[in-house]
Amino acid sequence: TLDFGKSFNQQPVIDVMARAFPVTMALAIYALAIESIFGITLGTIAGVRRGGWFDSTILVFSLLLISVPTFVLGFVLQFLLGIKLGILPVTASVSVDFASLTMPAMVLGGVSLAYVIRLTRQSVATSLGGDLGALMGGAIITEGIFNINGVGGTLWQAIRLGEAPTVVSITTVLVLVYILANLVVDLLYAVLDPRIRYE
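For every chain, the first residue of the written sequence is number 1, and numbering continues from 1 along that sequence. Note on the predicted model: pLDDT of at least 70 is required for a residue's local features to be given, and 80 or more for side-chain atom pairs to be given and counted; whole-chain, interface and lining totals, by contrast, use all residues. In computing side-chain properties, one takes all heavy atoms of the structure into account and sets aside hydrogens as well as water.

**Thoughts on the overall build of the protein chain**
On a plain count of helices and strands, the protein chain comes out with eight helices and zero strands. In the protein chain, the order of α-helices and β-strands from amino to carboxyl end is α-α-α-α-α-α-α-α. By residue count, 41% of the 199 residues in the protein chain fall in the buried class. Any pair of residues with heavy atoms lying within 4.5 Å of one another is described as a contacting pair. Once local pairs closer than 6 in sequence are excluded, the contacts in the protein chain between residues at least 24 apart make up 70%. A 1.4 Å probe and the Shrake-Rupley method give the accessible areas. Residues count as covered only by the protein chains that appear here. Surface summary for the protein chain: the accessible area is close to 11200 Å², and the carbon and sulfur share equals 70%. Here a strand is any run of E in DSSP of at least two residues, a helix any run of H or I of at least four, and the numbering for each starts at the N terminus. Burial classes follow relative accessibility: with a 1.4 Å probe on protein chains only, a residue under 20% of its type's maximum area counts as buried, one over 50% as exposed, and anything between as partly exposed.

**Here's the deal with helix α1 (residues 13-48)**
The length a helix should cover is 1.5 Å for every residue beyond the first. Across its 36 residues, α1 extends 50 Å between first and last C-alpha, which sits within 8% of the 52 Å expected from 1.5 Å per residue. The largest bend in α1 amounts to roughly 30° and is located at Ala 20, with the proline Pro 22 lying one to four residues further along. Two axes are fitted around each residue, one to the seven residues ending there and one to the seven starting there, and the angle between them is reported as the bend at that residue.

**Remarks on helix α3 (residues 70-84)**
If you check α3, its first and last C-alpha atoms are 20 Å apart, about what 15 residues at 1.5 Å a residue would give, namely 21 Å. All of the buried residues along α3 are Leu 73, Gly 74, Leu 77, Gln 78, Leu 81 and Gly 82. In the core, the buried residues of α3 are packed alongside α2 (53-67), α4 (98-119) and α6 (139-145). Two residues or fewer past α3, Gly 86 is found with a positive phi of approximately 65°.

**Observations regarding the packing of α1 against helix α7 (residues 151-161)**
Axis geometry follows a simple rule: fit a line to the C-alpha atoms, using only the stretch in contact for helices, then measure angles between N-to-C directions, giving values from 0 to 180 degrees. For the pair α1 and α7, the least separation of the axes is 7 Å and the interaxial angle reads 135°. Taken together, the axes of α1 and α7 are oblique relative to one another. Residue-level contacts link Val 16, Ala 20, Phe 21 and Thr 24 of α1 to Val 151, Gly 152 and Thr 154 of α7. In terms of residue class, the contact of α1 with α7 is made up of four nonpolar, three polar and no charged. Roughly parallel here means an angle under 35 degrees, roughly antiparallel means over 145, roughly perpendicular means 65 to 115, and every remaining angle is called oblique. Residue classes follow a fixed rule: Ala, Val, Leu, Ile, Met, Phe, Trp, Tyr, Cys and Pro count as nonpolar, while Asp, Glu, Lys and Arg count as charged, and any other residue, Gly among them, counts as polar.

**Let's talk about a nonpolar patch on the surface**
A contiguous nonpolar surface patch, about 720 Å² in accessible area, is contributed by Phe 71, Val 72, Phe 75, Val 76, Phe 79, Leu 80, Ile 83 and Ile 141. Ranked by residues supplied to the nonpolar patch, first place goes to α3 with seven residues. For Val 72, the position within the fold is in helix α3. Exposure remark for Val 72: the relative accessible area of 32% places this residue in the partly exposed category. Two joining distances apply to patches: 9 Å for like charges and 5 Å for nonpolar side chains (Val, Leu, Ile, Met, Phe, Trp, Tyr), and every residue must have over 30% relative accessible area and no salt bridge. Think of a salt bridge as a Lys or Arg side-chain nitrogen and an Asp or Glu carboxyl oxygen that are within 4 Å of each other.

**Here we look at the environment of Leu 135**
Position of Leu 135 relative to the elements: it lies in helix α5 (residues 124-137). Remark: the alpha-carbon pair of Leu 135 and Thr 24, spanning 111 residues in sequence, is separated by 8.8 Å. When neighbours within four sequence positions are excluded, Leu 135 is seen to be in contact with Ala 28, Ala 31, Leu 32, Glu 35, Leu 108 and Ser 112.

**Observations regarding unusual backbone geometry**
Positive phi, normally seen in glycine, also occurs at Gln 10, with a value near 65°. With respect to the element layout, Gln 10 can be found in the segment before α1. Residue Gln 10 is classed as exposed on the basis of its relative accessible area of 53%. Unlike most non-glycine residues, Asn 147 shows phi in positive territory, near 55°.

**Quick word on the packing of α2 against α4**
Running from N to C, α2 and α4 cross one another at 140°; their axes reach a closest spacing of 8 Å. Note that α2 runs across α4; the crossing there is left-handed. Residues Ile 58, Leu 59, Phe 61, Ser 62, Leu 63, Leu 65 and Ile 66 of α2 touch α4, and the partners they reach there are Gly 110, Val 111, Leu 113, Ala 114, Tyr 115, Ile 117 and Arg 118. Here the residues of the contact of α2 with α4 sort into eleven nonpolar, two polar and one charged. Handedness of a helix crossing follows the sense of rotation of the near helix relative to the far helix, less than a right angle counterclockwise being left-handed and clockwise being right-handed.

**As for the packing of aromatic side chains**
What describes a pair of aromatic rings is the distance from one ring centre to the other and the angle between the planes of the rings. Two rings belonging to Phe, Tyr or Trp (six-membered ring only in the last case) form a pair when the distance between their centres is within 6.5 Å. Interplanar angles under 30 degrees mark stacking, angles over 60 mark edge-to-face geometry, and anything in between is tilted. Tallying each qualifying case throughout the model produces two aromatic pairs. On the numbers, 4.9 Å between centres and 20° between planes, the contact of Tyr 30 with Phe 98 is stacked. Remark: Phe 98 occurs in helix α4 and Tyr 30 occurs in helix α1; sequence separation between them is 68 residues. Plain terms: the ring middles of Trp 53 and Phe 54 are 5.9 Å apart, the flat faces sit at 85° to each other, and that makes the pair edge-to-face.

Printed below as a string of structure tokens:
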């Protein structure tokens, strides 16, 4: 019935989720686009030029992205791109638009970008499909760093305040998003790979 109960301030949890999910969905899709475009492009070029300087550079770059924690990458990008160079907003406290989501999307998609680079020639569709749900669920740290009021921020506040209905509702919807994303990828396999046919 989509009746998830009420939060401690007597707001329906469905209304809280309705405000938070579009922001996190936009952030997750933006991060997915960044990791897909750059990951597939860099992975393809590195694969074609295997053993060369570009391949070695991309290998080191992907290892750095995997090894640096998300919160460190977030603070470093805030310092370099936001404070020192001033080319992107440091936080999204005033409004959530394309410019204010660029740096958080770079941070959120950073680790996945490294994996997409490495998986470009094997199973990119599986990785990207499951990654949409993981990006939405993994946005708690990124949304906290950049002061974005999305699902991650709302979930963190609900956990901190002990609002069980909000936590259970958001977690349930995130699980459903993850399952649906994987289902769509599985169904698309027949289109992406003609060797696979479902009986």
